[in-house]
Amino acid sequence: MDLMEKLKILGDSAKYDASCASSGSAGRGGSFGKTAVPGLCHTWSADGRCVSLLKVLMTNKCMYHCAYCVNSALRDCPRAEFTPRELCDLTVAFYKRNYVEGLFLSSGIAVSPNRTMANMVETVRLLRAEGFGGYVHMKSIPGADRALLDEAALLCDRMSVNIELPSQKSLLALAPDKSAKAILDPMGYVAGQIFERRDPRAAHQPPPYAPAGQSTQLIVGATPESDRSILRLSEALYRKYALKRVYFSAFMPVVAHPLLPGIKQPPLLREHRLYQADWLMRFYGFSAEEILDDAHPQLDEQLDPKCAWALRNPQFFPVDVATAPLGALLRVPGIGQISARRILSARRYGGLTLEDVKRCGTVMKRAQYFITCRGRAPGIGASANTLRAALLGGASALPSFASQVSLFDPPPGAAFPQLQLVSEVPHAVQYPVSL
Amino acid sequence: MLSSILYLCDPTPEGLFTVMHHAWHSDDAVMGIVSSQPAQIDLFTRVVPITSDARAAQEVMTLLQKKLGMGSVRNMALCWLSELPGCGRNILDYAELGLRYGRRLDGMEANPVVRALHAKVSRVTFEVHRLSGLLRFRSAQNGYCATVEPDHNILSLLAPVFVPRMGECRWCIHDTRRGIWAVYDKELFYTDTAPEFALARVDPIEKLWKEYYDTIAIEGRFNPDCQKRLMPRRYWKNLVEDPQGAAAKYLRDYHAAT
């Protein structure tokens with residue numbers, strides 16, 4: 001089988017992995033190749049996903065019978081295998097032409113976890129021996145020896161193990177050869193090693209050990225778990241294993257199986273909402289419990305999770321852009337990390353007008369119902385249903401700020417409720433958020 | 001004083017700071033600064049060409065650095081490289097504000113002048129980032145050669161990205177829009193003539209990349225709008241892969257299967 005054929009088969013079988021980040025690593029030096037800390041995308045495929053790494057499997061031969069997987073032993077499809085030298089040379093050739101940031105290496109388990117992992121480690125060892133200083137993301141193979149995990153982590157930038165199914169029960173049903181323990185064991189081991197080696201006081205910094213941390217992936221929509229349990233699991237993974245990312249992958253029916261739902265299209269909107277919620281947890285100081293609780297186990301498909309939270313928690317609003325702390329600004333729909341920081345900076349040089357707030361990058365379409373600016377707050381007193389209609393695009397549901405900029409406006413306070421109605425809300429107490 | 005002045009200078013930061021030196025030493029009303037002869041000027045505007053003067057530029061930079069800080073000087077230079085309409089006037093206004101407010105200048109995010117300048121700076125730095133990924137080296141005689149056609153004058157920011165990435169081999173990047181080359185041959189330099197090794201040759205690796213690119217889109221997630229939003233069409237012609245062809249192939253396969 002020639003290289004072209006192998007690349008097609010092994011690229012095709014690796015593409016269902018959602019992760020393609022090349023971020024988070026300051027790199028390890030080398031005679032050529034360098035990582036970019038924020039990551040770098042090199043192209044975008046026809047599905048709109050970015051391509052940053054050469055994402056391939058070492059082999060798609062696999063002895064496991066996971067029902068959801070394209071490479072399952074149950075499937076009849078062409079199988080191929082790279083040799084470490086082939087893959088190393090291919091990565092260098094792609095890198096030198098600036099097609100990719102490096103290598104993303106995963107694998108089916110052809111003979112044993114150890115054999116598989118040893119082959120993968122050998123590939124990266126060859127790459128590093130060539131002087132390659134670019135990015136390498138490698139899968140930890142559940143069941144492989146710890147010595148191999150250590151060797152891999154010392155050569156790679158990021159490690160990952162895919163949990164795939166968000167509960168023990170689903171795992172038992174759909175991935176009979178894997179156990180939750182076998183999956184979490186390498187993740188826990190690598191997390192512990194990363195943590196142990198992180199000592200800023202050390203005079204001699206140890207060699208980088210998976211400097212870009214670990215990530216994992218959960219399949220969404222193949223099993224009956226709610227968004228709430230998925231988010232709670234992600235939160236626990238971030239806390240316990242200090243993961244850099246949890247990826248969500250909308251379930252794509254590639255193999256027919258009696259236990260899998262017979263859907264035609266992957267639940268892409270649900271996946272999108274989960275990512276939004278994930279961002280709220282990682283960058284906006286929200287906890288999983290705040291985003292979804294017992295009464296609301298699923299994310300709202302129509303509204304983004306921040307708006308949905310804001311509608312359920314009217315007692316937090318309005319937020320005064322002139323005085324609110326960063327944590328409070330970040331909770332306003334329509335204000336993001338960048339606009340919040342701009343507002344903080346800008347208000348030190350004078351009172352902000354509505355135009356100023358907008359110029360800082362705030363999306364007024366949403367923010368206008370949740371902020372006060374110079375005493376005006378059109379959103380106060382409106383019911384959650386009215387606000388919901390307004391956010392969904394019913395423009396006339398509420399008087400908006402935009403319609404107030406007129407010479408013939410009524411004096412402030414006459415048409416709209418005044419600030420003191422809500423000025424007793426002590427923001428500093430309301431938001432247990434520190435970023 | 002009936003006429004206002006439009007300064008014409010180099011597209012380099014040195015040209016910009018030389019003009020600022022002139023503007024500050026003249027009593028005329030300055031309308032703006034441009035780096036190419038404008039297509040149309042009105043009756044009351046006078047175009048004054050200025051030759052770059054390293055000493056004058058350095059004088060201005062030292063002063064601005066002392067009063068505003070290095071970050072603001074860098075912002076002015078980046079804004080100038082954007083070559084966007086109105087960038088010259090924007091820089092003059094920004095500098096004037098800066099001389100009044102000093103180092104606080106960049107914190108005034110709500111000020112229209114500061115915000116407008118920061119927005120131009122972001123467009124420049126974003127294009128550098130984007131092209132760092134979208135640039136494609138093609139195998140040449142004994143080296144690699146890339147062609148770009150950036151919106152902004154970013155070659156001097158883009159080329160240094162590849163110095164640690166490419167190692168010791170020879171390479172060059174050609175900005176076809178501006179007719180300038182960045183060449184790396186033991187060291188990085190800029191020139192307006194093509195280096196002798198810049199002759200593309202047939203490269204079997206390109207075929208591998210194209211095949212790989214055509215393979216990796218997931219069926220059922222086809223989303224060419226998203227693809228175009230993240231990778232605008234104007235950058236496609238210098239790619240090796242063919243996004244248009246890949247999308248068409250995808251659709252053909254899809255219709256054949258259903």
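Fair warning: this is a prediction, and the values are worked out from it, not measured in the lab. (Residues numbered from 1 in each chain as written. Chains lettered and ligands numbered in written order. Predicted model: local features only at pLDDT ≥ 70, side-chain atom pairs only at ≥ 80, totals over all residues. Heavy atoms only, no water.)

A. Summary view of the confidence of the model for chain B. Confidence along chain B averages 92 in pLDDT terms, with 99% of residues attaining 70 or more. Across the interfaces of the predicted complex, the ipTM metric reaches 0.94, alongside a pTM of 0.90. (pLDDT = per-residue confidence, 0-100.)

B. Spatial organisation of the environment of A:Ala340. Residue and element names in this part refer to chain A. Position of alanine 340 relative to the elements: it lies in helix H12 (residues 337-346). Residues alanine 340 and leucine 329, 11 residues apart in the sequence, show an inter-C-alpha distance of 5.9 Å. Ignoring any residue separated from it by four or fewer positions in sequence, one finds alanine 340 in contact with Leu326, Leu329, Leu330 and Ile335. (Helix = DSSP H or I, 4+ residues; strand = E, 2+ residues; numbered from the N terminus. Contact = heavy atoms within 4.5 Å.)

C. Main features of the environment of B:Pro164. Note that B:Pro164 resides in helix H7 (residues 163-166). Apart from residues lying up to four places away in sequence, B:Pro164 is in contact with A:Phe32, A:Gly33 and A:Lys34.

D. Representation of the packing of helix H1 (residues 3-12) of chain A against helix H8 (residues 204-215) of chain B within the structure. H8(B) packs onto H1(A) with a crossing angle of 25° between their chain directions and a minimal axis gap of 9 Å. Here H1(A) lies roughly parallel to H8(B), going by the angle between them. For the pair H1(A) and H8(B), the sense of crossing is right-handed. Along the contact surface, H1(A) presents A:Leu3, A:Met4, A:Leu7, A:Lys8, A:Gly11 and A:Asp12, while H8(B) presents B:Lys207, B:Leu208, B:Glu211, B:Tyr212 and B:Thr215. (Axes fitted to C-alpha atoms, helices over the stretch in contact; angles between N-to-C directions. Parallel < 35°, antiparallel > 145°, perpendicular 65-115°, else oblique. Left-handed = near helix turned anticlockwise from the far one by under 90°.)

E. Inspection of the sheet that holds strand E4 (residues 102-106) of chain A at higher detail. Residue and element names in this part refer to chain A. Taken together, six strands build an open sheet; the order of strands is E3-E4-E5-E6-E7-E8 and the sheet is parallel. Strands with a single pairing partner mark the edges of an open sheet, and in this sheet they are strand E3 (54-57) and strand E8 (245-250). Averaged over all adjacent pairs, the angle separating strand axes in this sheet is 20°, with direction ignored. Pairing of E4 with strand E5 (residues 135-139) involves four bridges; the strand directions are parallel. By the bridge assignment for E5, glycine 102 is matched with tyrosine 135. Lying over the sheet, helix H3 (residues 113-129) contacts E4, E5 and strand E6 (158-160), oriented at roughly 175° with respect to E5. (Pairing = 2+ DSSP bridges.)

F. A look at the environment of B:Asp192. Residue and element names in this part refer to chain B. Tracing the sequence through the fold places aspartate 192 in the loop between strand E8 (187-191) and H8. Since its relative accessible area comes to 61%, aspartate 192 is described here as exposed. Sequence separation between aspartate 192 and arginine 178 is 14 residues; the distance between their C-alpha atoms is 9.1 Å. Residues within four places of aspartate 192 in sequence aside, it is in contact with Gly179 and Trp181. (Buried < 20%, exposed > 50% of the residue type's maximum accessible area, 1.4 Å probe, protein only.)

G. Highlighting a nonpolar patch on the surface. Residues and elements named next belong to chain B. A contiguous nonpolar patch, built from Trp24, Leu63 and Leu99 and spanning about 240 Å² of accessible area, is present on the exposed surface. Mapped onto the secondary structure, leucine 99 falls in helix H4 (residues 87-101). The partly exposed category is assigned to leucine 99, whose relative accessible area is 38%. (Patch = residues over 30% accessible without salt bridge, like charges linked within 9 Å, V, L, I, M, F, W, Y side chains within 5 Å. Areas by Shrake-Rupley, 256 points an atom, 1.4 Å probe, with all protein chains shown as cover. Salt bridge = Lys/Arg side-chain N within 4 Å of Asp/Glu carboxyl O.)

H. Just the domain arrangement of chain B, in detail. The domains assigned to chain B are domain 1 (4-127), domain 2 (135-191) and domain 3 (204-257). The C-alpha-based centres of domain 1 of chain B and domain 3 of chain B are spaced at 41 Å. (Domains from an automatic or database assignment.)

I. Representation of the interface of chain A and chain B. Listed per partner, the contact involves 54 residues of chain A and 50 residues of chain B. For the chain A and chain B pair, buried surface summed over both sides reaches about 4,600 Å², with 61% attributable to carbon and sulfur atoms. Linking chain A to chain B there are six salt bridges. A salt bridge links B:Arg221 to A:Glu271; the shortest N-O distance between them is 2.7 Å. At the boundary of chain A with chain B, the tally comes to 25 residue pairs in polar contact (both at pLDDT 80 or more). At the level of elements, H1, strand E1 (43-44), E3, helix H2 (84-96), helix H8 (268-283), H12 and helix H13 (354-359) of chain A are the ones that each hand at least two residues to the side of chain A that touches chain B. Among the elements that line the side of chain A that touches chain B, the one with the most residues is H1(A), at six residues. (Buried area = accessible area lost by both parts, 1.4 Å probe. Polar contact = N/O pair within 3.5 Å; in protein donor to acceptor, adjacent residues only side chain to side chain.)

J. Seen up close, the pairing of strand E1 (residues 4-8) of chain B. Residue and element names in this part refer to chain B. Counting buried positions along E1 gives five out of five residues, so the element sits mostly inside the fold. In the sheet, E1 pairs with strand E3 (residues 45-49) via five bridges, with the strands oriented parallel. Directly across from leucine 6, in E3, lies its bridge partner valine 47. Between the parallel pair E1 and strand E2 (residues 30-34), the chain is carried across by helix H1 (residues 13-24), and the sense of this crossover is right-handed. (Right-handed = clockwise from strand over helix to strand, strands pointing away.)

K. How the structure looks around the sheet that holds E3(B). Residues and elements named next belong to chain B. Read across the sheet, three strands follow the order E2-E1-E3 without closing on themselves; strand pairing throughout is parallel. Both edges of this open sheet fall to E2 and E3, since each of them pairs with a single strand only. Neighbour to neighbour, the strand axes of the sheet diverge by 25° on average, direction disregarded. When E1 meets E2, the two strands line up parallel, connected through four bridges. Within the sheet, the bridge partner assigned to isoleucine 5 lies in E2 and is valine 30.

L. Quick peek at the state of the cysteines. Residue and element names in this part refer to chain A. Here the structure, examined in full by the defined rule, presents zero disulfides over all chains. Residue cysteine 66 stays outside any disulfide, its sulfur separated by 6.1 Å from that of cysteine 69, the closest cysteine. Cysteine 66 gets classed as buried once you look at its relative accessible area, which sits at 5%. (Disulfide = S-S within 2.5 Å.)

M. The packing of aromatic side chains, seen in detail. All names here are of chain A. For the coordinates displayed, the defined rule picks out 18 aromatic pairs over all chains. Where phenylalanine 94 meets tyrosine 99, the ring centres are 5.4 Å apart and the plane angle is 65°; that geometry is what we call edge-to-face. For the pair shown, phenylalanine 94 and tyrosine 99 are each scored as buried. Taken together, the ring pairs connect Phe286, Trp309, Phe316, Phe317 and Phe370 into an aromatic cluster. Above the plane of the ring of tryptophan 279 lies arginine 282, whose end atom (NZ or CZ) is 4.5 Å from the centre. Above the ring of phenylalanine 286, the side-chain terminus of arginine 331 is found at 4.1 Å from the ring centroid. (Phe/Tyr/Trp six-rings, centres within 6.5 Å; stacked < 30°, edge-to-face > 60°. Lys NZ or Arg CZ within 6 Å of the ring centre and 35° of its normal.)

N. Spotlight on the pairing of strand E5 (residues 143-148) of chain B. Residue and element names in this part refer to chain B. Burial of E5 is extensive: five of the six residues sit out of reach of the surface. Where strand E4 (residues 137-140) and E5 come together, four bridges link them in antiparallel fashion. Opposite serine 139, over in E5, you have tyrosine 144 as the bridge partner. Counting the residues in the hairpin turn of E4 and E5 gives two residues, including asparagine 142, whose phi is positive at 60°. Examined bridge by bridge, E5 and strand E6 (residues 171-175) share five bridges and lie parallel to one another. Following the sheet pairing, tyrosine 144 is matched in E6 by tryptophan 171.

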